[in-house]
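# Structure assessment
Each chain is listed here by its residues.
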Amino acid sequence: MAFEMPKSGEGVSLGSLEDMLMPAIITSEKDLKAVLAEIKTGKDVDAAQLLYYTNEVNQNNLTVNMCASMVKERGDTLKTATQKFG
């Protein structure tokens, strides 16, 4: 299912956030798992490989943190709107 960005004025629902963010998180997790599988083989790891692995962990961390921040901002907006109407 292809995700379509909301048009101006339609707003962003939590469902559309999930549709937009989950592919990025899933891809990042797959990349990280592939890198960790290389480490588990038991072969010697050199400094360049450690740097690569560290970079993958950092990219995954950044991806998840950005997605979490977007969801939190949306939740805060919904909470504020609810308090104003309630």
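Everything below is about the structure shown above.
Summarised in this report is the structure supplied together with it. (Residues numbered from 1 in each chain as written. Predicted model: local features only at pLDDT ≥ 70, side-chain atom pairs only at ≥ 80, totals over all residues. Heavy atoms only, no water.)

### As for the packing of helix H1 (residues 14-40) against helix H2 (residues 47-85)
Where we set the bar: Orientation is described by axes fitted as lines to C-alpha atoms, over the contacting stretch for helices, and by angles from 0 to 180 degrees between their N-to-C directions. Strands here are runs of E lasting at least two residues and helices are runs of H or I lasting at least four, both read from the DSSP assignment and numbered beginning at the N terminus. Just so you know how the angles are binned, under 35 degrees is roughly parallel, over 145 roughly antiparallel, 65 to 115 roughly perpendicular, and the rest oblique. For any helix crossing, the convention is left-handed if the near helix is rotated counterclockwise from the far helix by under a right angle, and right-handed if that rotation is clockwise. Residue classes follow a fixed rule: Ala, Val, Leu, Ile, Met, Phe, Trp, Tyr, Cys and Pro count as nonpolar, while Asp, Glu, Lys and Arg count as charged, and any other residue, Gly among them, counts as polar.
Where H1 meets H2, the closest approach of the two axes is 9 Å, and the angle between their N-to-C directions is 160 degrees. Classified by the angle between their axes, H1 and H2 sit roughly antiparallel to one another. Here the hand of the crossing between H1 and H2 comes out left-handed. Grouping the constituent residues of the contact of H1 with H2 by class yields 16 nonpolar, 4 polar and 5 charged.

### Details of H1
Using the following cut-off: Take the residue count of a helix, subtract one, and multiply by 1.5 Å to get its expected span. Two axes enter the definition of the bend at a residue: one is fitted to the seven residues ending there, the other to the seven starting there, and the bend is the angle between them. A simple rule labels every residue: compare its accessible area, found with a 1.4 Å probe on the protein chains alone, to the largest value its type can have, and call it buried under 20%, exposed over 50%, or partly exposed in between.
For H1, built from 27 residues, the straight-helix expectation of 39 Å at 1.5 Å per residue is met to within 8% by its first-to-last C-alpha distance of 37 Å. At Leu21, H1 shows its largest kink, close to 35 degrees, and the proline Pro23 lies no more than four residues downstream. What H1 keeps buried is the set Ser16, Leu17, Leu21, Ile25, Ser28, Leu32 and Val35. Immediately beyond the C-terminal end of H1, within one or two residues, lies Gly42, with a positive phi of roughly 90 degrees.

### Details of the environment of Val12
Along the polypeptide, Val12 turns up in the segment before H1. On the basis of relative accessible area, Val12 is assigned to the partly exposed category, the value being 32%. C-alpha separation for the pair Val12 and Arg74, spaced 62 residues apart in sequence, amounts to 8.1 Å.

### A closer look at the side chain of Asn60
Here is the rule we go by: In the analysis that follows, any N or O atom pair within 3.5 Å is treated as a polar contact, provided that within protein one partner can donate a hydrogen and the other can accept it, and provided that, for residues neighboring in sequence, both atoms belong to side chains. Contacts are assigned to residue pairs that have any heavy atoms within 4.5 Å of one another.
Inspection of the secondary structure assignment puts Asn60 in helix H2. A distance of 2.9 Å separates polar atoms of two side chains, one belonging to Asn60 and the other to Ser28. Setting aside its immediate chain neighbours within four residues, Asn60 contacts Ser28, Glu29 and Leu32.

### With respect to the pattern of salt bridges
Applicable threshold: Within this document, salt bridges are pairs made up of a side-chain nitrogen of Lys or Arg and a carboxyl oxygen of Asp or Glu, the two lying within 4 Å of each other.
Inspection of every chain in the model, using the stated rule, returns 1 salt bridge. In this structure, the salt-bridge partner of Lys72 is Asp76, at a minimum N-O distance of 2.7 Å. Residue Lys72 and its partner Asp76 are located together in helix H2, separated by 4 residues, close to a single helical turn.

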